[in-house]
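For reference, the chains in residue letters:
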Amino acid sequence: MNAPSSPLLVVHGGAWEIPPQDHPAHIAGCRQAAEAGWAILARGGPALEAVEAAVRQMEDDPTFDAGRGSFLNTAGEVELDAIIMDGSTLNLGAVAAVQHIQHPVSLARLVMTESAHAFLAGRGAEAFARAHGVPECPPDALLVGRELKRWHDLQAGAGPQPADYFHPADTVGAVALDRAGNLAAATSTGGTPNKLPGRVGDSPLVGSGAYADNRSAAVSATGVGEALMKVVISKTACDLVERGATPQEAADAVIATLAERTGGYGGVIVVDPLGRYGIAHNTSYIAHAVVSAGGHVEVGIRRR
Ligand code: GLY
């Protein structure tokens, strides 16, 4: 059995050019998510439950590109991806391209605990949700006016220019260390604006969108999925920690690799079993919160 640890929780609410007028909502959203996760860690609960609770909170918050508030695909639909991973067992659950699901992170956890599989996509994942009593939400429960307008602008050719198309946005994630010394990670996203139906980014891919292993670290990533998956960014960060890097050194190194090898943009949060953490990004900002011993919350928009 592991020696008791001092719990730690880190959440992110996306890494991108967050407009200054949106900073207060991102800060409030990260704080609420951190508090939701911390409530579980503070009473001695498991890291897995804490990261799920933190991400569920952000899936409900229309500020972020996850659950309610997600970008629409070219067909005008919300399609969601999520992953959750338990560092004590390496068990994981993931879902991709699911519709009408309010909390894809919880569906991912159900895949982990209630199926013989690790990853379900599309209609199969939705059928699995129905079979396990997950209520189907109406499409407008996930749709917000901001995204409907963005979609109409994009269809009219008045939206972002091609160079903006793959800009990272508000994918959310959480990593935690619990009192028992266990690590967990979770990530959830609505993907990229005007993506093709069926497009899946890095977020639900194990080792890319998230990874957790008690022997190394727990990591959640955000950014341009097509780039992040090329460098398997979350597992790469875990491997660096296992070889002796601090979480901050590992976070810096994988973001440098992302930039050098792919030209892509993103951010990562990393927590290790010693209760150390790292945050790195090569975007203008990353929205984040850290809760450490005593429930002290540090929340903000970190500038590069
Ligand atoms: N990182 C989120 C995505 O590309 O879908």
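Starting afresh in each chain, residues are numbered from 1 along the sequence in its written order. With pLDDT at 70 or above as the cut-off, local features in this predicted model cover only qualifying residues; side-chain atom pairs require 80 or more to be listed or tallied, and sums for whole chains, interfaces and linings still use all residues. In computing side-chain values, all of the structure's heavy atoms are included and hydrogens and water are not.

Draft legend 1. Geometry of the environment of glutamine 32. Elements are defined by DSSP. Helices are runs of H or I of four residues or more, strands are runs of E of two residues or more, and each kind is numbered from the N terminus. Residue position: glutamine 32 is located in helix 1 (residues 23–42). Considered as a pair, glutamine 32 and aspartate 61 are 29 residues apart in the sequence and their alpha carbons are 9.5 Å apart. Contacts were defined at the residue level, with two residues in contact if any of their heavy atoms lie within 4.5 Å. In contact with glutamine 32, not counting residues within four places along its chain, are Gln57 and Asp61.

Draft legend 2. Expanded view of the side chain of aspartate 213. Tracing the sequence through the fold places aspartate 213 in the loop between strand 7 (210–212) and strand 8 (218–223). Using a 1.4 Å probe on the protein chains alone, a residue whose accessible area is under 20% of its type maximum counts as buried, one over 50% counts as exposed, and one in between counts as partly exposed. Neither His nor the chain termini are counted; the positive set is Lys and Arg, and the negative set is Asp and Glu. Only one rule defines a salt bridge in this text: a Lys or Arg side-chain nitrogen within 4 Å of an Asp or Glu carboxyl oxygen. Despite its burial, aspartate 213 pairs with no opposite charge, the nearest such side chain being arginine 215 at 5.0 Å. Setting aside its immediate chain neighbours within four residues, aspartate 213 contacts Gly87, Leu90 and Leu183.

Draft legend 3. Local environment of the nonpolar core. To qualify as a nonpolar core, a set must consist of buried Ala, Val, Leu, Ile, Met, Phe, Trp, Tyr and Cys residues joined through side-chain atoms within 4.5 Å. In terms of nonpolar packing, the biggest core is built from 40 residues, with Ile233, Val268 and Val270 touching the most fellow members. Per-element accounting of this core gives the leading share, 5 residues, to helix 9 (residues 247–262). Apart from residues lying up to four places away in sequence, isoleucine 233 is in contact with Gly207, Ser208, Ala221, Leu228, Val254, Ile255, Leu258 and Val268. Grouped together as the second largest cluster of nonpolar side chains are 35 residues, Val51, Met58, Ala184 and Val291 included.

Draft legend 4. Structural context of helix 1. Working rule for helices: expected span equals 1.5 Å times residues minus one. An ideal rise of 1.5 Å per residue puts 28 Å on 20 residues; helix 1 measures up with 27 Å between its terminal C-alpha atoms. Every buried residue belonging to helix 1 is among His23, His26, Gly29, Cys30, Ala33, Ala34, Gly37, Trp38, Ile40 and Leu41, and all of these are buried. One side of helix 1 holds all its buried residues, which, seen down the axis, span an arc of 165°. Of the residues one or two after helix 1, glycine 44 is the one with positive phi, at around 85°. In this context, the arc is that of the directions from the helix axis out to the C-beta atoms.

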